[in-house]
Each structure stands twice: as structure tokens, then as C-alpha cells.
Amino acid sequence: MAAFTIAVAKGRTADQSIHLLDSMGITFQQLTSSSRKLIFYNSDETIKLIFVKGVDVPTYVAKGAADIGIVGKDNILESQADVYEVLDLKIGTCKFAVAGKPGQLLDTIKPLTIATKYPTIARNYFSRKGKSIDIVKLNGSVELAPLIGLADVIVDIVETGNTLRENGLIILEEVEPISTRLIVNKASFALKSQAIHSFIQEVQKNLT
Ligand SMILES: Nc1ncnc2c1ncn2[C@@H]1O[C@H](COP(=O)(O)OP(=O)(O)OP(=O)(O)O)[C@@H](O)[C@H]1O
Ligand SMILES: O=P(O)(O)OC[C@H]1O[C@H](OP(=O)(O)OP(=O)(O)O)[C@H](O)[C@@H]1O
């Protein structure tokens, strides 16, 4: 039986996550970022890897279906999962921002309508500022919303800034920096302490 299970987010950070494990000498046969297979074992079968959507990684870890997760801070914050966040892997770096049309004022509109894929993060940010908001939950192409009057502003991930630029939008406020993190199930952290701590130490050694 594997000593522990690790859930790795599919999507744009998968290659870098797999590369990090590779650099630690942990390889999984047939695992590539485009794999359709979902469960993998390393060569001595001490580690089981499951390959899941980023948005689901915190759920697998919080519920103990996986002991460790490799996933974006955006998904951790949005899920509000009760897990330990132990390392910043410094990959998938981007940020959350409030964005909108140039000159858009945030303080004059009440309530401010916000389009986002991340309703919890948006709600928490504006509630810390004591601002009343309405959320329009979207699943993609969020930048369209202020352009066609569906929302006043968006709360979304900005990486290169190209999507904002190409749609004539600008950052109005920065919310917080985002990157890929290592998370651990709370019970596993105690019960599988030795295996998990030595894995964390190995990851730490291989961070660039
Ligand atoms: N430009 C970016 N847009 C979105 N996420 C980014 C970006 N740059 C880095 N990231 C990080 O990459 C992670 C995975 O992004 P990706 O878009 O593949 O996942 P996703 O949001 O689950 O995609 P989808 O919902 O389209 O399947 C995000 O959780 C985030 O932490
Ligand atoms: O600053 P940039 O480098 O342009 O990256 C930011 C964009 O990338 C993400 O969208 P994604 O590509 O996941 O597509 P989506 O609209 O389907 O969510 C994010 O939601 C922004 O739209």
C-alpha cells in the first residue's frame, strides 16, 4: 500500500508540478500533463498520485481522499478548505485583482456589481472593506462582463495582463498574490507524520 496519496491539479500548472516531482527523483509512469489516466504510482509504489481539476484538489485533501495536494492559492481560498498550507511552490504565479474600465470608481456605486469565477474571494475582499456588493458568478471570459454591462467590475486572476489589455480594462485594485501551494490533510499530518515530513523536506530542497 502507498505511504500517502498526492492530488495534483490538472491544467496550466500541471507540467511544472510534474517537473518538480521529477526533480525530486519521483517519477510516475505514463504521467504527462495531457494524461487521461487519473491514478498513478511511483516506481516503488510508495506514492499514489491522483490527477484532478484544481478546483477539486482542496476537497480531496480536506476529506482525506488525498493526504497532500499541489494546487493554486486561488482554489484554496475559494474552497475555504480546512487544510494545512505548508509550502509556496513558487510556480503558477499570478495575482487576484479588481479590474474594470479606466476611470471606474468603486466607492460611488452601491451595491457594486462584481462578475467573478471566485465569489467567496470577491465577497471576503469587499466585506473586509465594508463595501456592499452583488456577485454575478461566471465560469470564464469574465472580462466581458464590464464591457457589456453585466457587471461594474470583475475580480479575477491577472498573470501577464494581456487579457485585460486586449479588452481595454485596467487593474483598479490588487487583491492578493497567487501561486501554487503544497497543502496537507490535518489528520494525515499527524498520522503519517514521518512520510509527509520527509516529502515536504524533499520538496523544499528542490524549490528553485
Ligand atoms: N493566467 C492564469 N489564469 C488562470 N490561472 C492561472 C493563471 N496563471 C496561473 N494560474 C494558476 O494556474 C492554476 C490552474 O489554472 P487553469 O486555468 O488551468 O485551471 P482552471 O481554472 O481549473 O481552468 P478551467 O476552469 O479553465 O479548467 C490556477 O488555479 C492558478 O493558480
Ligand atoms: O493576465 P493574463 O495572462 O491574460 O491571464 C489572465 C486570464 O487567464 C485566465 O483565464 P483563462 O485563460 O483560464 O480563461 P477563462 O476566461 O476561460 O477563465 C483568467 O481568468 C484571465 O482571464
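Note: the structure precedes this text.
One structure accompanies this document, and this report is about it. Sequence order sets the numbering: in each chain, residues are counted from 1 along the sequence as written. Chains carry letters from A onward and ligands carry numbers from 1 onward, assigned in written order. Given that this is a predicted model, residues contribute local features only at a pLDDT of at least 70 and side-chain atom pairs are listed and counted only at 80 or more, while totals for whole chains, interfaces and linings are drawn from all residues. Based on all heavy atoms of the structure, the side-chain values leave hydrogens and waters out of the count.

With that settled, consider the overall build of the protein. Each helix and strand counted, the protein has eight helices and eleven strands in total. Relative accessible area decides the class of each residue, using a 1.4 Å probe on protein chains only: under 20% of the type maximum gives buried, over 50% gives exposed, and in between gives partly exposed. By residue count, 46% of the 208 residues in the protein fall in the buried class. Partitioning the contacts of the protein with sequence separation of at least 6, the portion at a separation of at least 24 is 66%. Under the convention used here, a 1.4 Å probe and the Shrake-Rupley method define accessible areas, while residue burial counts only the protein chains that appear. Surface exposure of the protein reaches about 10800 Å², of which carbon and sulfur atoms provide 48%. The charged-residue count follows a simple rule in which Lys and Arg add positive charge and Asp and Glu add negative charge, with His and chain termini not counted at all. Charged side chains are reduced to one point each, which is NZ for Lys, CZ for Arg, CG for Asp and CD for Glu. Taking the average place of the 23 positive charges on the side chains of the protein and the average place of its 22 negative ones, the gap between the two points comes to 3 Å. A run of H or I in DSSP counts as a helix once it spans at least four residues, and a run of E counts as a strand once it spans at least two, with each numbered from the N terminus. When checking whether two residues touch, look at their non-hydrogen atoms; a contact exists if any pair is within 4.5 Å.

What follows is about a nonpolar patch on the surface. Residues Leu144, Leu147, Ile148 and Leu150 make up a contiguous nonpolar surface patch of roughly 360 Å² in combined accessible area. Structurally, the position occupied by Leu150 is in the loop between helix H5 (144–147) and strand E9 (153–158). On the basis of relative accessible area, Leu150 is assigned to the partly exposed category, the value being 41%. Every patch collects residues that have over 30% relative accessible area and no salt bridge, joining them within 9 Å if they carry like charges and within 5 Å if they are nonpolar side chains (Val, Leu, Ile, Met, Phe, Trp, Tyr). Here a salt bridge means any side-chain nitrogen of Lys or Arg lying within 4 Å of a carboxyl oxygen belonging to Asp or Glu.

Here the focus is the site of ligand 2. A cutoff of 4 Å decides nearness: a residue is near a molecule or strand if any of its heavy atoms lies inside that distance of it. Among the 13 residues in the neighbourhood of ligand 2, the closest are listed as Ser141, Glu143, Glu159, Thr160 and Thr163. Between Arg12 and ligand 2, the recorded distance is 3.0 Å, taken from a side-chain N or O atom to an oxygen atom. Definition of a polar contact: a pair of N or O atoms within 3.5 Å, with one able to donate and the other able to accept a hydrogen when the atoms are protein atoms, and with sequence-neighbouring residues admitted only if both atoms are side-chain atoms. One nitrogen or oxygen atom from the side chain of Thr160 is found 2.5 Å from an oxygen atom belonging to ligand 2. Here ligand 2 is seated within the largest pocket. Where the shell around ligand 2 is concerned, the elements lending two or more residues are E9 and helix H6 (162–166). Residues belonging to the shell around ligand 2 are distributed by class as follows: two nonpolar, six polar and five charged. Points on a 1 Å grid over protein atoms alone make up a cavity when a 1.4 Å probe fits among them but cannot get out, and a pocket when they form an open set with protein on both sides within 12 Å along at least five of seven lines; lining residues each have an atom within 4 Å of a point. Cavity and pocket membership follows a simple rule, namely that a molecule belongs there if more than half of its atoms are within 2 Å of the grid points. Three classes are used, and their members are as follows: Ala, Val, Leu, Ile, Met, Phe, Trp, Tyr, Cys and Pro are nonpolar, Asp, Glu, Lys and Arg are charged, and the others, Gly among them, are polar.

It is worth spelling out the site of ligand 1 at this point. The local shell around ligand 1 holds 13 residues, among which Gly11, Arg12, Lys53, Asp74 and Glu159 are the closest. At 3.3 Å, a side-chain N or O of Asn75 approaches an oxygen atom of ligand 1. Here a nitrogen atom of ligand 1 sits 2.9 Å away from a polar atom, N or O, in the side chain of Glu159. Out of a free accessible area of 600 Å², ligand 1 has 74% covered by protein chains. A molecule is said to occupy a pocket when more than half its atoms come within 2 Å of that pocket's grid points, and by this definition ligand 1 occupies the largest pocket. Among the residues making up the shell around ligand 1, the classes are represented as three nonpolar, five polar and five charged.

Approximately 1100 Å³ is the volume found for the largest pocket. Forming the boundary of the largest pocket are 38 residues, of which Arg12, Asp74, Lys117, Tyr118 and Ile157 lie nearest the centre. Elements that contribute at least two residues to the lining of the largest pocket include exactly helix H3 (73–79), E9 and H6. For the lining of the largest pocket, the leading source of residues is H3, giving four residues. Of the residues assigned to the lining of the largest pocket, the class counts are ten nonpolar, 18 polar and ten charged. Lining the second largest pocket are Gln16, His19, Leu20, Ser23, Leu89, Lys90, Ile91, Asn206, Leu207 and Thr208. Among the elements that line the lining of the second largest pocket, the one with the most residues is helix H1 (residues 14–23), at four residues. Per-class residue counts for the lining of the second largest pocket are four nonpolar, five polar and one charged. Grid points are joined across faces, edges and corners, and a volume is the space filled by probe spheres set on the points.

Before going further, it helps to spend a moment on the sheet that holds strand E10 (residues 170–178). Read from one edge to the other, the open sheet built from five strands follows the order E8-E7-E9-E6-E10, with strand pairing classed as mixed. In the strand order of this sheet, the two ends are held by strand E8 (133–137) and E10, each with one partner. Strand-to-strand twist of the sheet, defined as the mean angle between neighbouring strand axes without regard to direction, takes the value 25°. The rule for pairing is simple: two strands pair if DSSP sees at least two bridges between them. Alignment of strand E6 (residues 94–100) against E10, held across seven bridges, turns out to be antiparallel. Each residue of the ladder has a partner; that of Phe96, found in E10, is Glu176. All axes are obtained by fitting lines to C-alpha atoms, using only the stretch in contact for helices, and the reported angles, taken between N-to-C directions, cover 0 to 180 degrees. Seen against the sheet, helix H4 (residues 119–128) touches E6, strand E7 (112–116), E8, E9 and E10 and runs at an angle of roughly 165° to E8.

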